[in-house]
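Below are the chains, spelled out letter by letter.
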Amino acid sequence: MSERSERPNTGDDVRLRDVVEADLEVFLAQEHDPEAVRRSRFPPRPRERFLHHWATRILADPTVFVQAVLVDGELAGNIVAWWEEERRFIGYWFGREFWGRGVGTRALTLFLQQEKARPLYADPYEGNTGSVRLLEKVGFQRSGTVRHGEDQHIMLTLHAPAPPSPTT
């Protein structure tokens, strides 16, 4: 393990920007990372299905808010908010090389300053303790459980206003 990955919050410059089509290949590779799949319990989609989903359900939907996450100028992942019936959900995916560095906390904090809808919901797989901790760190609170197929997920809810801007 490198010195950088052993110490969270090493001063990486975390920024958000709009997603561009070229980002999708990186997002696809991140979705197919075996460790990310194991932790999230989210099955990776074949390339064409993945690209179709992003083109039609995310980028073409004006009710969806999505941002690319950059770390020191490098594409690190994405954060997205969408509606499921009457509930606004958020989800995110970060490349494994960005885990454990405080990137998720800073990126979600920035995202939540722009995404004003409250309450917000998230439902990570119960075994994905890193994701649960990340959501709790930015203010989400456990509000129950939900099943997706064979897996139990923790429902978390954010009622509070956007958190303050992270200091650098």
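Our subject is the structure listed above.
We now turn to the structure provided with this report. (Residues numbered from 1 in each chain as written. Predicted model: local features only at pLDDT ≥ 70, side-chain atom pairs only at ≥ 80, totals over all residues. Heavy atoms only, no water.)

**So, the environment of Arg118**
We count it as follows: Secondary structure is summarised from DSSP: a helix means a run of H or I of at least four residues, a strand means a run of E of at least two, and numbering begins at the N terminus for each. Exposure categories follow from relative accessible area, calculated using a 1.4 Å probe and restricted to protein chains: below 20% of the type maximum is buried, above 50% is exposed, and the middle band is partly exposed. Any pair of N or O atoms that falls within 3.5 Å is considered a polar contact. Within protein, one atom must be able to donate a hydrogen and the other to accept it, and sequence-neighbouring residues count only if both atoms are side-chain atoms.
Among the structural elements, Arg118 can be located in the loop between α5 (103-114) and β5 (120-122). Overall, the relative accessible area of 22% leaves Arg118 in the partly exposed class. Considering only alpha carbons, one finds Arg118 and Leu158, 40 residues apart in sequence, at a separation of 6.7 Å. Polar side-chain contacts of Arg118 include one of 3.1 Å to the backbone oxygen of Leu112.

**Observations regarding the sheet that holds strand β4 (residues 87-94)**
Keep this limit in mind: Two strands pair if DSSP finds at least two bridges between them. Note on geometry: axes are lines fitted to C-alpha atoms, helical ones only across the stretch in contact, with angles between N-to-C directions running from 0 to 180 degrees. It only takes one pair of heavy atoms within 4.5 Å for two residues to be counted as in contact.
Within the open sheet, the seven strands sit side by side as β1-β2-β3-β4-β5-β7-β6. Their pairing is mixed. Only two strands of the sheet have a single partner each, and these edge strands are β1 (14-17) and β6 (141-148). Across the sheet, the mean angle separating the axes of adjacent strands is 30° when strand polarity is ignored. Sheet topology places β6 next to strand β7 (residues 151-158); seven bridges connect them, and they run antiparallel. Bridging across to β7, Gly144 finds its partner in Met155. Along the sheet, α5 contacts β1, β2 (65-71), β3 (74-84), β4, β5 and β7; its crossing angle with β1, the most-contacted strand, is approximately 40°.

**Observations concerning the nonpolar core**
Note the following rule: Joining through side-chain atoms within 4.5 Å is the link that ties buried Ala, Val, Leu, Ile, Met, Phe, Trp, Tyr and Cys residues into a set, and such a set is a nonpolar core.
Counting residues in hydrophobic clusters, the biggest one holds 28 residues, and the most contacted among them are Val69, Ile79, Ile90, Leu108, Phe111, Leu135 and Phe140. Sorting elements by how many residues they give to this core places α5 first, with six residues. In contact with Ile79, not counting residues within four places along its chain, are Phe65, Val66, Gln67, Val69, Gly91, Tyr92, Phe94, Ala107, Leu108 and Phe111. In this structure, Leu24, Trp54, Val64 and Ala68 belong to the second largest nonpolar core, which totals 14 residues.

**Here's the deal with the pairing of β2**
Of all seven residues in β2, seven are buried; the element is thus mostly enclosed. Of the two faces of β2, the one carrying Phe65, Gln67, Val69 and Val71 and the one carrying Val66, Ala68 and Leu70 are both buried. In the sheet, β1 pairs with β2 via four bridges, with the strands oriented antiparallel. Each residue of the ladder has a partner; that of Val14, found in β2, is Val71. Here seven bridges tie β2 to β3, and the two strands are oriented antiparallel to one another. Residue pairing across strands places Leu70 opposite Leu75, the latter belonging to β3. Between β2 and β3, which pair antiparallel one after the other, the connecting turn spans two residues, and Asp72 there sits at a positive phi close to 50°.

Limitation: the analysis is restricted to geometry and does not speak to function.
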